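Here is what each chain is made of, one letter per residue.
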Amino acid sequence: MDNIILEMRGITKTFPGVKALDNVNLKVREGEIHALVGENGAGKSTLMKVLSGVYPAGSYDGEIHYDNQVRNFSTISDSEHLGIIIIHQELALVPLLSIAENIFLGNELATNGVIDWKQTFARTKELLDKVGLNEPPTARITDIGIGKQQLVEIAKALSKKVRLLILDEPTASLNETDSDALLKLLMEFRKQGMTSIIISHKLNEIKKVADKITIIRDGGTVETLDCHNEDISEDRIIKGMVGRDMEDRYPPREPKIGGMLLEVKNWNVFHQHHRDRQFLHDINFNVRAGEVVGIAGLMGAGRTETAMSIFGKSWGHKITGEVSMHGKPVDVSTIPRAIDAGLAYVTEDRKHLGLVLNNNIMHNTTLSNLEAVSSAGVIDNHKERTVATDYRSKLRIRSHSIYQEAVNLSGGNQQKVVLSKWLFTNPEVLILDEPTRGIDVGAKYEIYSIINQLAAEGKGILMISSEMPELLGTCDRIYVMNEGRIVAELSKAEASQESIMRAIMRSGEKH
Amino acid sequence: MVTETSTQKTTPSIGDYLRNNIREYGLLVALVVIMLFFQVVTGGVLFKPVNITNLILQNSFIVIMALGMLLIIVAGHIDLSVGSIVALTGGLSAIMLVKMGIHYSLVVPLCLILGGVIGAAQGYWIAYQKIPAFIVTLAGMLVFRGVTYVVLQNRPIGPFPKEFQVLSTGFVPDILWFANPLPGTITNLFALVAVLVLVGLAIYAGLKDRASNEKHGTENEPFAFFALQMGIIAVVAIFLGFQLSTYRGLPNVLVVMAVLIALYTFITTRSTIGRRVYAMGGNEKAAKLSGINTERLTFYTFVNMGVLAALAGMIIAARLNSATPKAGVGFELDVIAACFIGGASASGGVGKITGAVIGAFIMGVMNNGMSIMGLGIDYQQLVKGLVLLAAVFFDVYNKNKG
Ligand SMILES: Nc1ncnc2c1ncn2[C@@H]1O[C@H](COP(=O)(O)OP(=O)(O)OP(=O)(O)O)[C@@H](O)[C@H]1O
Ligand SMILES: [Mg+2]
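Because the structure is predicted, anything quoted here is derived from the model rather than measured.

Caption draft 1: Quick peek at the environment of A:Ile197. All names here are of chain A. Inspection of the secondary structure puts Ile 197 in strand β10 (residues 195-199). Residue classification places Ile 197 among the buried residues on the basis of a relative accessible area of 0%. With 307 residues separating them in the primary sequence, Ile 197 and Ile 504 have C-alpha atoms 34 Å apart. Contact partners of Ile 197, with chain neighbours within four places excluded, come to Leu 6, Leu 26, Val 28, His 34, Leu 36, Met 48, Leu 51, Leu 164, Leu 165, Ile 166 and Leu 167.

Written as structure tokens, this is what we have:
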């Protein structure tokens, strides 16, 4: 057990204009679960990309010792040969191919180029059993949920004789049940002697599974904590991450709730693709000025679809119902009209729906409200720069300048850019869809503070989140959704994890 | 929170700067090298005033169409029909001018509108019916070529009235003839003065921009680079201006082209429309969710392309002094190649007007130089193909290395 399987020494990695890693050290023992934590942009993903050969030897300084030998990986397959498998922050599955095809993509079980399907399916079945996924090998990736997709990635890793499994935020988009299943699996693997490195911002999970925790801050190693020597509290980890004590996870707020802002009545929506299936049924809800309203529910409850169908009918079809602002019906039939009506929607899928990745921070920030930085269709460069610079510092977007391309930002900072874009449209009601997914504790606090400030200015906030503690910590009122219906409305006093779960269960029984 | 906003910032060195902008400088250097190469192998013919004039006349329409094509490629589409639109609008202008005797001042705007309508017809299917541009414009390429054969009844029409020919073969008259200090060498003083004034204005604007950047705390490119770049452009421009002034002066098409280049550079870099096209090409879904009417924007990029293709069609017809159903065959390929050589990305969202213009000139100089050398059309195609591949490889190589 005391065998060191991996040691990274003095790793330094520079991108043009930014030093992402500065003399980082990491030591991992064979058979342990080693957690890597740190704020957004601290350099966690970069370190793992160095390890797995995404950034080839020579593009960084420092040494990688694996199995007591110095290794210079120049491609990902070099590291895969030695059993180092990385599952990236963004899943890399082909949506229209089957589970089996995805698992053996690039490693097809074939003789002379002819695929042996029988063996492929049999092997896939075996692997799926190992990860506890009960789906036929022929199911297409698009047709299974994101939690199951994550398990397919792991099955794929297992198919490659993995010794060191690296998971970059595997649970960021999973609900609690799926996350738990995944963590159990990791612990199972540990029993069988496999080593894993897990990156996560969910500290409770880290606490549950990790043997060691290495904390990275500003591109440097801060410390490695041994969870078996002492009882490491979440606050202790946070202290290492942000460099000081954090008193509270949720900033305090004095709610000052005013008149009616957004009201949605009898909202019915049919499915975007399965056109004769009704997906949302009789949705009624409202948001008042200065109020933070949450929508709780499991994955697939229809929360995102509700928000998007209201925001310019950008999801679904055969949409009926009424939307009003300040008690007057408004037209939200196109996105520009919804924006004019005072709505803004911060998507949960920032990569595909939120950002223009090859544009810089500045261009992304002003995209939804170019009129405000231009006159007669001509952009005022200085005004635009000022706006972008303001938001960059207000939201503490970690980047070398406003000219950094969004694709090169860490996940959390990308989220802040999307948020900047919508704050700049100066909406009356801001709809936030999983606004803190993949975001570190410090940045979460900042986002909650922004929410509070907006509420204090008299705006309405509608927050969709799968993290119940977050909803309970920030919302004045919570709607619970299940299977396309609103099944409960809970005041702050009534709301608790139990009452939310109970509402979901009860509605499940009825249908 | 007291966390630091930015990660450690290392000031970009000249090397970094060069690496980040290698594409643009590389392109300019490539053009200069290609020009010098042909200047040598053609024994000095390339830079003769007559040949420079020819070069401009022969390439103007490729440049003009590349402006529209760049927008389309940046938006994430392609237009294969421009060669056929050239033939059709050229043919229709001939019918109106020659057969129907309509005045050119009416024919020119009519043809431009017609080009816009043709572009709209294609844009409708692409933008609103979501049919891939490749397919729609492939169909358009066949359809409009066919229509041209029908309306011209398979015969060339010409010649055109003099006033119409002036559009592409005329020169700006020397309004400064009285002040000419060297009547022996300089035959059109205005050409030289105009170029000098423009170079002066460009340098002034550049300096003003730097000063205002400085005032607002925005980083400038290193001064050495600015000076070098301006220097090269000024020397080349003044040299060309001088050469032209010893011949017949500034061709009218050069003026048209220059105005259009300036206009489209402005649109792509400074206007909200330009910004939206880039955003749409970079991520259509995100652009749509940001409140951009992506359908309408796509539609108008094709309308715009149609108008520019119609302009090119008239210039070509006027230059050849006859409209033939075979006009513009294969032009779409030259135009698209110019954009890709100029650094546009086939997946959309990336590309610059200056790049496309330089790309068009690289193609033009190669065409012209190889013709002077007496290379057959076969070898010309081969060389152009290889240059296109090399340019795109250079892009990909740079990106992967970065
Ligand atoms: N290709 C790149 N070019 C320039 N800078 C980059 C590039 N990739 C990453 N960076 C920068 O390096 C730093 C570290 O990024 P990294 O993605 O490793 O952060 P992270 O710790 O994984 O954050 P998160 O928790 O948000 O995922 C960030 O400041 C980021 O902007
Ligand atoms: Mg990361």
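Caption draft 2: Layout of the environment of A:Trp117. Take A:Trp117: it is sitting in helix α4 (residues 117-131). Each C-alpha atom, one on A:Trp117 and one on A:Gly243, is 54 Å from the other, the two residues being 126 residues apart in sequence.

Caption draft 3: Structural detail: the site of ligand 1. Taken together, 20 residues form the shell around ligand 1, and within it A:Asn40, A:Gly41, A:Ser45, A:Thr46 and A:His201 come nearest. Two or more chains meet at ligand 1, and those chains are chains A and B. A:Gly41 places a polar main-chain atom, nitrogen or oxygen, 2.8 Å from an oxygen atom of ligand 1. With respect to ligand 1, the side chain of A:Ser45 contributes an N or O atom lying 2.7 Å from an oxygen atom.

Caption draft 4: Summary view of the packing of helix α10 (residues 252-270) of chain B against helix α15 (residues 353-373) of chain B. Packing of α10(B) against α15(B) leaves a shortest axis separation of 9 Å and a crossing angle of 145 degrees. On the side of α10(B), the interface is formed by B:Met257, B:Ile261, B:Tyr264, B:Thr265 and B:Thr268, while α15(B) contributes B:Ile353, B:Val357 and B:Phe361.

Caption draft 5: Here's a closer look at the domain arrangement of chain A. Residues and elements named next belong to chain A. What the domain assignment reports for chain A is domain 1 (4-242), domain 2 (255-342 + 427-511) and domain 3 (355-426). Taken together, the 14 residues of domain 1 in the interface contact eight residues of domain 2. Between domain 1 and domain 2 the total buried area reaches about 990 Å² when both faces are included, carbon and sulfur atoms providing 57% of it. Considering only the side of domain 1, the residues that lose the most area to domain 2 are Asn 40, Asn 175 and His 201, jointly responsible for 38% of the buried surface there. Applying the counting criterion to the domain 1 and domain 2 interface returns zero salt bridges. Partitioning the side of domain 1 that touches domain 2 into residue classes produces six nonpolar, five polar and three charged.

Caption draft 6: Just the pattern of salt bridges, in detail. All names here are of chain A. For the structure on display, the rule yields 31 salt bridges over all chains. In this structure, Glu 7 engages Arg 9 in a salt bridge whose closest nitrogen and oxygen atoms are separated by 3.2 Å. The class of Arg 9 is partly exposed, set by a relative accessible area of 38%. For Asp 67, the salt bridge goes to Arg 163, with nearest N and O atoms at 2.7 Å. With a gap of 96 residues between them, Asp 67 in the loop between β4 (61-66) and β5 (69-71) and Arg 163 in the loop between α5 (146-159) and β9 (164-168) connect regions that are remote in the sequence. We classify Asp 67 as partly exposed; its relative accessible area is 31%. Residues joined by salt bridges that share partners form a network here, namely Arg 303, Glu 348, Glu 434 and Arg 437.

Caption draft 7: View of the side chain of A:Asp476. All names here are of chain A. Mapping Asp 476 onto the fold places it in the loop between α16 (468-474) and β23 (477-482). Asp 476 gets classed as buried once you look at its relative accessible area, which sits at 11%. Setting aside its immediate chain neighbours within four residues, Asp 476 contacts Arg 253, Pro 255, Ile 257, Gly 290, Glu 291, Val 292, Ser 491 and Lys 492.

Caption draft 8: Region of the structure containing unusual backbone geometry. The omega torsion of the bond from B:Gly158 to B:Pro159 falls at -10 degrees, within 30 degrees of zero and hence cis. Residue placement: B:Pro159 occurs in the loop between α6 (133-151) and α7 (162-169). If you check the backbone angles, A:Asn23 has positive phi at about 60 degrees while not being a glycine. Here A:Asn23 is to be found in strand β2 (residues 18-29). For A:Lys161, which is not a glycine, the phi torsion comes out positive at approximately 55 degrees. Mapped onto the elements, A:Lys161 comes out in the loop between α5 and β9.

The rules we used
Residues numbered from 1 in each chain as written. Chains lettered and ligands numbered in written order. Predicted model: local features only at pLDDT ≥ 70, side-chain atom pairs only at ≥ 80, totals over all residues. Heavy atoms only, no water. Helix = DSSP H or I, 4+ residues; strand = E, 2+ residues; numbered from the N terminus. Buried < 20%, exposed > 50% of the residue type's maximum accessible area, 1.4 Å probe, protein only. Contact = heavy atoms within 4.5 Å. Near = heavy atom within 4 Å. Polar contact = N/O pair within 3.5 Å; in protein donor to acceptor, adjacent residues only side chain to side chain. Axes fitted to C-alpha atoms, helices over the stretch in contact; angles between N-to-C directions. Domains from an automatic or database assignment. Buried area = accessible area lost by both parts, 1.4 Å probe. Salt bridge = Lys/Arg side-chain N within 4 Å of Asp/Glu carboxyl O. Nonpolar A, V, L, I, M, F, W, Y, C, P; charged D, E, K, R; others polar.

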